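# Structure assessment
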Amino acid sequence: GESVGLHLPTLSVQEGDNSIINCAYSNSASDYFIWYKQESGKGPQFIIDIRSNMDKRQGQRVTVLLNKTVKHLSLQIAATQPGDSAVYFCAESRSGGYQKVTFGIGTKLQVIP
Amino acid sequence: DTAVSQTPKYLVTQMGNDKSIKCEQNLGHDTMYWYKQDSKKFLKIMFSYNNKELIINETVPNRFSPKSPDKAHLNLHINSLELGDSAVYFCASSQERAGGRIGELFFGEGSRLTVL
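Residues numbered from 1 in each chain as written. Chains lettered and ligands numbered in written order. Predicted model: local features only at pLDDT ≥ 70, side-chain atom pairs only at ≥ 80, totals over all residues. Heavy atoms only, no water.

For chain A, the helix and strand inventory stands at zero helices and eleven strands. Helices (α) and strands (β) of chain A occur, in sequence order from the N terminus, as β-β-β-β-β-β-β-β-β-β-β. Taking the principal axes of its C-alpha atoms as reference, chain A extends roughly 45 × 30 × 20 Å. The burial tally for chain A puts 46% of its 113 residues in the buried class. The contacts in chain A between residues at least 6 apart in sequence include a share of 54% that link residues at least 24 apart. Carbon and sulfur atoms form 47% of the exposed surface of chain A, whose accessible area is close to 5,500 Å². (Helix = DSSP H or I, 4+ residues; strand = E, 2+ residues; numbered from the N terminus. Buried < 20%, exposed > 50% of the residue type's maximum accessible area, 1.4 Å probe, protein only. Contact = heavy atoms within 4.5 Å. Areas by Shrake-Rupley, 256 points an atom, 1.4 Å probe, with all protein chains shown as cover.)

Have a look at this one:
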């Protein structure tokens with residue numbers, strides 16, 4: 001079936017380094033891609049999104065890259081901080097009609113002080 | 001004020017029992033959802049309601065029955081609980097129309113259900 005998945009289940013990064021979390025998707029009909037952050041004991045929280053007609057979008061310390069040719073999505077976090085430790089999910093949705101947000105497998109980011 | 005609140009936060013019960021989880025959002029959103037997160041953190045959509053109308057019903061056993069008395073509330077009732085129902089259930093809301101960002105869901109803090 002159609003799915004959104006991640007390459008790495010766990011990523012350990014030194015504090016201050018940059019983090020890159022990757023995601024592969026298979027649904028060509030998706031036109032919105034989203035990253036969520038889930039801290040321990042909490043619900044997922046929206047971080048940043050990108051539309052399929054873009055290949056890069058920047059936020060505060062985060063950048064999302066989209067490569068539609070290989071159906072690959074990545075989240076880059078600059079100068080990773082302890083507060084960035086969480087599980088990160090990529091997700092996809094479609095414009096038009098009622099939205100259905102489908103989540104991929106999470107990646108746990110561990111920041112080493 | 002909590003934007004999306006769900007109760008109870010923890011629920012421990014025996015197999016075969018019936019239980020309910022309640023959800024309320026004060027964001028004025030028109031769409032609400034139930035997601036199930038398993039022990040491997042995989043999040044799967046179960047139901048979605050828009051203005052009290054069921055719009056998404058994934059392949060969920062009919063032991064699960066959502067109810068939306070108004071657009072600010074979405075409850076989940078589960079009959080004849082099974083061991084495999086143990087999970088964290090998340091309620092979420094979004095603004096489907098006029099000004100809502102596509103794909104942006106606002107989640108509650110989850111209700112951890114343990115079936116013994």
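Still to come is the rest of the account.
Take the sheet that holds strand 7 (residues 64-70) of chain B next. All names here are of chain B. Strand order in the open sheet formed by four strands is 1-3-8-7, with antiparallel pairing between adjacent strands. The open sheet is flanked by strand 1 (4-7) and strand 7, the only strands paired with a single partner. Taking the axes of each pair of neighbouring strands and ignoring which way they run, one obtains an average angle of 15° across the sheet. The pairing of strand 1 with strand 3 (residues 19-25) spans four bridges and is antiparallel. (Pairing = 2+ DSSP bridges. Axes fitted to C-alpha atoms, helices over the stretch in contact; angles between N-to-C directions.)

Counting across every chain of the model gives two disulfides over all chains. A disulfide bridge connects Cys-23 of chain A with Cys-90 of chain A, and the sulfur atoms are separated by 1.9 Å. The sign of the 55° torsion about the S-S bond sets the Cys-23 of chain A-Cys-90 of chain A disulfide as right-handed. In this pair, Cys-23 of chain A sits in strand 3 (residues 19-25) while Cys-90 of chain A sits in strand 9 (residues 86-93), placing the two residues 67 residues apart along the sequence. Paired through a disulfide, Cys-23 of chain B and Cys-91 of chain B show a sulfur-sulfur distance of 1.8 Å. Judged by the sign of its S-S torsion, about -80°, the cystine formed by Cys-23 of chain B and Cys-91 of chain B is left-handed. Taken together, the positions of Cys-23 of chain B in strand 3 and Cys-91 of chain B in strand 9 (residues 87-94) put the pair 68 residues apart, joining distant regions of the chain. (Disulfide = S-S within 2.5 Å.)

Before going further, it helps to spend a moment on the pattern of salt bridges. Inspection of every chain in the model, using the stated rule, returns nine salt bridges over all chains. Two residues, Glu-39 of chain A and Lys-42 of chain A, come together in a salt bridge whose shortest N-O distance is 3.8 Å. Of the charged contacts in the structure, one is a salt bridge between Glu-104 of chain B and Arg-101 of chain B, with a shortest N-O distance of 3.1 Å. Overall, Glu-104 of chain B belongs to the buried group, its relative accessible area being 14%. Linked by salt bridges that have partners in common, Lys-37, Glu-39 and Lys-42 of chain A make up one network. (Salt bridge = Lys/Arg side-chain N within 4 Å of Asp/Glu carboxyl O.)

Now for the packing of aromatic side chains. For any pair of aromatic rings, geometry is given as the distance between the ring centres together with the angle between the planes. Counted according to the given criterion, the structure contains eleven aromatic pairs over all chains. Taking 5.1 Å as the distance between ring centres and 55° as the angle between the ring planes, the aromatic pair formed by Tyr-36 of chain A and Phe-103 of chain A counts as tilted. With a gap of 67 residues between them, Tyr-36 of chain A in strand 4 (residues 32-38) and Phe-103 of chain A in strand 10 (residues 102-103) connect regions that are remote in the sequence. Across this residue pair, the class does not change: Tyr-36 of chain A and Phe-103 of chain A are buried. Considering the side-chain rings of Phe-90 of chain B and Phe-107 of chain B, the 6.1 Å spacing of their centres and the 85° angle between planes classify their relative orientation as edge-to-face. Residue Phe-90 of chain B is found in strand 9, and its partner Phe-107 of chain B is found in strand 10 (residues 106-107); the two are separated by 17 residues along the sequence. By relative accessible area, Phe-90 of chain B is classed as buried at 2%. Look at Phe-107 of chain B and you get buried, because its relative accessible area is 12%. Feature note: the residues Tyr-36, Phe-46, Phe-89 and Phe-103 of chain A together with Tyr-33, Tyr-35, Phe-90 and Phe-107 of chain B constitute an aromatic cluster, connected by ring pairs. (Phe/Tyr/Trp six-rings, centres within 6.5 Å; stacked < 30°, edge-to-face > 60°.)

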